[in-house]
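Chain by chain, the residues run as shown.
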Amino acid sequence: QVQLVESGGGLVQAGDSLRLSCVASGRTFSSFTMGWFRQAPGREREFVCAIAWSGGSTRYADSVKGRFTISRDNAKNTMYLQMNNLKPEDTAAYYCAADRSFGVLRTAEKLYDYWGQGTQVTVSS
């Protein structure tokens, strides 16, 4: 079993930056593909980005490319999401997720095995 805990959300203005963290329990963190998803009010949860177990491969939704950067530190069992040039449309609850598949960066939320409780990001205009 893996437990994921997100932190770092908050209220910011358009153009600001935030860094989210996701800390995982368990010794198998380094073998998981990790991802970030988000869910805005009234909308379905959507893929944001994912990172391979080694950190060597990443994948981003078009809406965040060039603004968001995903990274991980396996020694600390922690994944990060650096969000720059935030926009009001980035307002959502952000969730980290772990996928036990090895070496595949998947975008479908149903394929992820473990989820955190989420952290709220609100961007004012």
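Above this text sits the structure in question.
To keep things clear, this report deals only with the structure shown in the data block. Just so it is clear, the model here is predicted, and its values are computed rather than measured.

## Considering the state of the cysteines
A covalent bond between the sulfur atoms of two cysteines is what we call a disulfide.
At step 1: What the rule picks out here adds up to one disulfide.
At step 2: Disulfide pairing places Cys-22 opposite Cys-96 at an S-S distance of 2.1 Å. The sign of the S-S torsion, about 55 degrees, decides the handedness of the disulfide formed by Cys-22 and Cys-96: right-handed. You can see Cys-22 sitting in strand β3 (residues 18–24) and its partner Cys-96 sitting in strand β9 (residues 92–99), a full 74 residues away along the chain. For the pair formed by Cys-22 and Cys-96, the shared burial category is buried.
At step 3: Cysteine Cys-49 shares no disulfide, and the gap to the nearest cysteine sulfur, in Cys-96, comes to 11 Å.

## A word on the nonpolar core
At step 1: Core analysis: the biggest nonpolar cluster contains 38 residues, and Leu-4, Met-34, Trp-36, Met-79, Leu-81, Met-83 and Tyr-94 have the highest contact counts within it.
At step 2: Taken together, the elements giving at least two residues each to this core come down to β3, β4 (33–39), β5 (46–51), β7 (68–73), β8 (78–83), β9 and β11 (119–124).
At step 3: Apart from the residues within four sequence positions on either side, Tyr-94 is in contact with Glu-6, Leu-20, Trp-36, Phe-37, Arg-38, Val-48, Phe-68, Leu-81, Met-83, Gly-118, Thr-119 and Val-121.

## Here's the deal with the environment of Ser-57
At step 1: By the secondary structure assignment, Ser-57 is in the loop between β5 and β6 (58–60).
At step 2: The exposure class of Ser-57 is partly exposed, given its relative accessible area of 38%.
At step 3: It is 20 Å that separates the C-alpha atoms of Ser-57 and Ala-24, two residues lying 33 residues apart in sequence.
At step 4: Excluding its chain neighbours within four sequence positions, the residues that come into contact with Ser-57 are Ala-50, Ile-51, Ala-52 and Leu-105.

## So, the packing of aromatic side chains
At step 1: Counted by the stated rule, this structure contains five aromatic pairs.
At step 2: Taken together through their ring pairs, the aromatic side chains of Phe-37, Phe-47, Tyr-112 and Trp-115 make up a single cluster.
At step 3: Between the NZ or CZ atom of Arg-45 and the centre of the ring of Tyr-95, over which it lies, the distance is 4.6 Å.
At step 4: For Arg-45, the ring lying beneath its charged end belongs to Trp-115, and the centroid distance is 4.0 Å.

## So, the environment of Asn-74
At step 1: Examined against the element boundaries, Asn-74 turns out to sit in the loop between β7 and β8.
At step 2: Residue class for Asn-74 comes out partly exposed when judged on its relative accessible area of 25%.
At step 3: Measuring from C-alpha to C-alpha, the distance between Asn-74 and Ala-61 comes to 23 Å, with 13 residues separating the pair along the chain.
At step 4: Those residues within four positions of Asn-74 in sequence are excluded, and the remaining contacts are Phe-29, Ser-30 and Trp-53.
At step 5: Among the polar contacts made by the side chain of Asn-74, one reaches the side chain of Arg-72 at a distance of 2.8 Å.

## As for the pairing of β7
At step 1: What you see with β7 is a clean split: Phe-68, Ile-70 and Arg-72 sit on the buried side and Thr-69, Ser-71 and Asp-73 on the side with no burial.
At step 2: The pairing of β7 with β8 spans six bridges and is antiparallel. Along β8, the bridge assignment pairs Asp-73 with Thr-78.
At step 3: The antiparallel hairpin formed by β7 and β8 contains four residues in its connecting segment, where Asn-77 sits at a positive phi of about 55 degrees.

Basis of the calculations
- Residues numbered from 1 in each chain as written.
- Predicted model: local features only at pLDDT ≥ 70, side-chain atom pairs only at ≥ 80, totals over all residues.
- Heavy atoms only, no water.
- Disulfide = S-S within 2.5 Å.
- Helix = DSSP H or I, 4+ residues; strand = E, 2+ residues; numbered from the N terminus.
- Buried < 20%, exposed > 50% of the residue type's maximum accessible area, 1.4 Å probe, protein only.
- Core = buried A, V, L, I, M, F, W, Y, C linked by side-chain atoms within 4.5 Å.
- Contact = heavy atoms within 4.5 Å.
- Phe/Tyr/Trp six-rings, centres within 6.5 Å; stacked < 30°, edge-to-face > 60°.
- Lys NZ or Arg CZ within 6 Å of the ring centre and 35° of its normal.
- Polar contact = N/O pair within 3.5 Å; in protein donor to acceptor, adjacent residues only side chain to side chain.
- Pairing = 2+ DSSP bridges.

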